[in-house]
Amino acid sequence: MRVYLNRCIVSLVASLFFIFLVDLFTQKPGRLGGNGNLGLIPLFFAIMIIAYSGYVLLTLLKKLELNRKKWTNILAASFLVFIVSIVMEIFFFKRLIHELGGPPTTMDSQIYRFGWLNQGTNTLYVNMYTFIAFVSLILSCYAALSIFKETKLNE
């Protein structure tokens with residue numbers, strides 16, 4: 001159990017580090033240049049590390065032996081965190097697109113004709129909100145599955 005907990009903590013910290021790198025290499029609105037998208041490198045690794053973190057978190061959750069009441073509390077809390085993080089991601093998305101002058105299809109936009117994955121929009125895909133949503137979704141799904149399994153066993 002301790003090994004899984006250590007792996008989970010290390011992978012979550014590594015995920016946070018790569019989220020920081022994606023933010024660092026994503027150009028801010030008003031400073032977009034033509035040097036290419038350097039943020040793609042940390043973005044790729046961030047996605048891989050975050051996916052691995054999800055796998056390790058699932059492995060850790062499988063080792064937990066909790067009763068139905070605790071799984072219900074985890075489900076309620078993680079689902080609430082999921083909803084809040086999705087709402088925050090929507091606000092973040094709208095604010096960034098507004099700061100960029102509009103989507104890639106708007107002629108006055110700083111990202112006009114760049115497409116949705118460009119040096120100014122990397123953080124739309126990997127940021128703290130998407131990371132928290134991902135982790136809370138895993139917790140919610142696993143808690144719901146555990147409650148369902150326990151209910152089936154008690155019938």
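Residues numbered from 1 in each chain as written. Predicted model: local features only at pLDDT ≥ 70, side-chain atom pairs only at ≥ 80, totals over all residues. Heavy atoms only, no water.

Peer 1: I keep staring at the nonpolar core and nothing clicks. Help me out?
Peer 2: One broad trend across soluble globular proteins is that nonpolar side chains are buried collectively. Ranked by internal contacts, the top residues of the largest apolar core, which has 20 residues, are Leu57, Leu61, Trp71 and Val126. When residues in this core are grouped by element, the largest group, seven residues, is from helix H2 (residues 40-63). In this structure, Val126 is in contact with Ile19, Val22, Leu43, Ala46, Ile47 and Ile50, ignoring residues within four places of it in sequence. Counting six residues, the second-largest nonpolar core is a separate cluster that includes Leu96, Ile97, Leu100 and Ile111. (Core = buried A, V, L, I, M, F, W, Y, C linked by side-chain atoms within 4.5 Å. Buried < 20%, exposed > 50% of the residue type's maximum accessible area, 1.4 Å probe, protein only. Helix = DSSP H or I, 4+ residues; strand = E, 2+ residues; numbered from the N terminus. Contact = heavy atoms within 4.5 Å.)

Peer 1: Would you mind going over the packing of aromatic side chains with me for this structure?
Peer 2: Each aromatic ring pair is described using two quantities: the centre-to-centre distance and the angle formed by the ring planes. For the coordinates displayed, the defined rule picks out eight aromatic pairs. For the pair Phe93 and Trp116, a centre-to-centre distance of 5.8 Å together with 25° between the ring planes defines the contact as stacked. Taken together, the residues span a long stretch of sequence, with Phe93 in helix H3 (residues 68-99) and Trp116 in the loop between H3 and helix H4 (122-125) at a distance of 23 residues. A relative accessible area of 34% places Phe93 in the partly exposed class. On the accessibility criterion, Trp116 (37% relative accessible area) is partly exposed. Aromatic ring contacts, followed pair by pair, group Phe17, Phe18, Phe44 and Phe45 into a single cluster. (Phe/Tyr/Trp six-rings, centres within 6.5 Å; stacked < 30°, edge-to-face > 60°.)

Peer 1: Looking at this structure, I do not really get the side chain of Ser140. What am I missing?
Peer 2: With respect to the element layout, Ser140 can be found in helix H5 (residues 128-154). Residue classification places Ser140 among the buried residues on the basis of a relative accessible area of 5%. One polar contact links Ser140 to Ser78, side chain to side chain, over a distance of 2.8 Å. Leave out the neighbours within four places in its chain, and Ser140 touches Leu75, Ser78 and Phe79. (Polar contact = N/O pair within 3.5 Å; in protein donor to acceptor, adjacent residues only side chain to side chain.)

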